[in-house]
Amino acid sequence: MASAKEPGAQRYLPERRTLGALREAAAQCRGCTLYRDATQTVFGEGHRGAPLMLVGEQPGDHEDLEGHPFVGPAGRLLDRAVRDAGIDPAQVYVTNAVKHFKFTRREGKRRIHQKPGRTEVVACRPWLIAEIDSVRPEVVICLGATAAQSLLGPSFRISTGRGELLCLPGLAGSNGRPRVLATVHPSAVLRDRSDQHAQAYEAFVDDLRIARNAVTGGSAPLVHPAV
Ligand code: SF4
C-alpha cells in the first residue's frame, strides 16, 4: 500500500481505462514526489492487444526529456535484442514500473540516475496494473529487479528467478495469462564491458526468446498482426 507520505497513483486513475485516457491522466499524477523534479510523465507506448509487454525500471535522462520510454542507449540495445530474438517490435508494448525520472544533480547540472525506492514503486504500481489490464499481453517481461519486484513482490531475485515463466500473482485470468518472465535490465548488459559482454547479450536475447516462444508456441518469429 502507498504510504501517507506517498499517497499513490490510484486516485489519479480515470474511469475510462483506455490507453489514451490512462496516458492523459498519468500526465497529471502527483502520487509521489518524483513528479516535482522530472520533466514529464513517461507513459508506456504500444497498442492494446500487443502479445508482449516489456517493463523497465523508470525513464532515464533521454526518456525524461523526450517523453518516450527506452529511447536512450539502453533502449537501442533493447531494440536490437528484441529483433535478434525474432520479435517484431510492433508486437511489443513498452513501459516502466515508475513513470517519472528519479535523479540527483552532480556538478550543478549533470543528472545522475537514482534507483526508485520501494515506496515510489508501490505508489506508481496502479499505472502499471492499469496498462496490463488494458493491453492484455500474453507475457509481461520484467527488465531488472525493480520491475520484477513491482509485480512479483519485494523478495523476488533476478539471480534465482531469471528466465522462468511465472504466473502473475493476483492478475492472471482463467487462462493463466498474462504470464511473467524476469530478466536483466538492458542497461546492465550495456554496462558490461568485460570479455563476458557477448555472453551477457546472448543470455538476454535467450530470455526474450523464451517469452516469444510462450506466445508463438514454438520457434517461429513473432510477426503476426495484433488482434
Ligand atoms: S512516479 Fe508514478 S506515482 Fe509518482 S508521480 Fe510519477 S506517475 Fe505518479
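The name that an unreviewed UniProt entry assigns to the chain is Type-4 uracil-DNA glycosylase, with the source organism given as Mycolicibacter heraklionensis. What the UniProt record of the chain gives under Sequence similarities (unreviewed entry) is the line "Belongs to the uracil-DNA glycosylase (UDG) superfamily. Type 4 (UDGa) family."

Right, let's get into the environment of Ile129. For Ile129, the position within the fold is in helix 4 (residues 118–135). Exposure remark for Ile129: the relative accessible area of 15% places this residue in the buried category. Ignoring anything within four residues of it in the chain, the contact list for Ile129 reads Leu151 and Leu171.

Let us now look at the sheet that holds strand 7 (residues 179–183). Taken in spatial order, the five strands of this open sheet run 2-1-5-7-6, and their pairing is mixed. Edge positions in the open sheet fall to strand 2 (92–96) and strand 6 (165–167), since each of these has one partner strand only. Strand after strand, the sheet turns through a mean of 30° between neighbouring axes, direction not considered. Docked against the sheet, helix 4 engages strand 1 (52–56), strand 2 and strand 5 (139–143), running at close to 170° with respect to strand 1. Contacts from helix 5 (residues 145–152) reach strand 1, strand 5, strand 6 and strand 7, with the element oriented near 135° to strand 5.

Moving on, we come to the environment of Ala145. Locating Ala145 in the fold gives a position in helix 5. Remark: the alpha-carbon pair of Ala145 and Ser155, spanning ten residues in sequence, is separated by 9.9 Å.

Interhelical geometry of helix 4 versus helix 5 gives an angle of 70° and a closest axis separation of 10 Å. In terms of orientation, helix 4 and helix 5 fall into the roughly perpendicular class. On helix 5, the residues touching Arg118, Val121, Arg125, Leu128, Ile129 and Ile132 of helix 4 are Thr146, Gln149, Ser150 and Leu151. A class-by-class count of the residues in the contact of helix 4 with helix 5 yields five nonpolar, three polar and two charged.

What follows is about the site of the ligand. Taken together, the residues surrounding the ligand are Cys29, Gly31, Cys32, Tyr35, Val98, Lys99, His100, Ala123, Cys124 and Trp127. Residue composition of the shell around the ligand, grouped by class: seven nonpolar, two polar and one charged.

As defined by bridge partners, strand 3 (residues 103–106) adjoins strand 4 (residues 110–113) across four bridges and the pair is classed as antiparallel. Bridging from a neighbouring strand, Thr104 pairs with Ile112 of strand 4. Between strand 3 and strand 4, which pair antiparallel and follow one another directly, the connecting turn spans three residues, one of which, Glu107, has a positive phi of 50°.

The next point concerns the side chain of Thr146. Among the structural elements, Thr146 can be located in helix 5. Of the residues examined, Thr146 reaches a relative accessible area of 6% and is grouped as buried. A distance of 3.2 Å separates the side chain of Thr146 from the side chain of Glu57, its partner in a polar contact. A distance of 3.1 Å separates a polar atom in the side chain of Thr146 from a polar atom in the side chain of Lys115. If near-sequence neighbours (up to four positions away) are discounted, Thr146 is found in contact with Glu57, Ala97, Lys115, Pro116 and Val121.

With numbering matched to this structure, UniProt assigns "domain: Uracil-DNA glycosylase-like" (unreviewed entry) to residues 43–209. Across residues 43–209 one finds 40% helix and 19% strand; the C-alpha atoms that close the span lie 25 Å apart.

What counts as what
- Residues numbered from 1 in each chain as written.
- Predicted model: local features only at pLDDT ≥ 70, side-chain atom pairs only at ≥ 80, totals over all residues.
- Heavy atoms only, no water.
- UniProt positions renumbered as here; feature names shortened; annotations may be inferred.
- Helix = DSSP H or I, 4+ residues; strand = E, 2+ residues; numbered from the N terminus.
- Buried < 20%, exposed > 50% of the residue type's maximum accessible area, 1.4 Å probe, protein only.
- Contact = heavy atoms within 4.5 Å.
- Pairing = 2+ DSSP bridges.
- Axes fitted to C-alpha atoms, helices over the stretch in contact; angles between N-to-C directions.
- Parallel < 35°, antiparallel > 145°, perpendicular 65-115°, else oblique.
- Nonpolar A, V, L, I, M, F, W, Y, C, P; charged D, E, K, R; others polar.
- Near = heavy atom within 4 Å.
- Polar contact = N/O pair within 3.5 Å; in protein donor to acceptor, adjacent residues only side chain to side chain.

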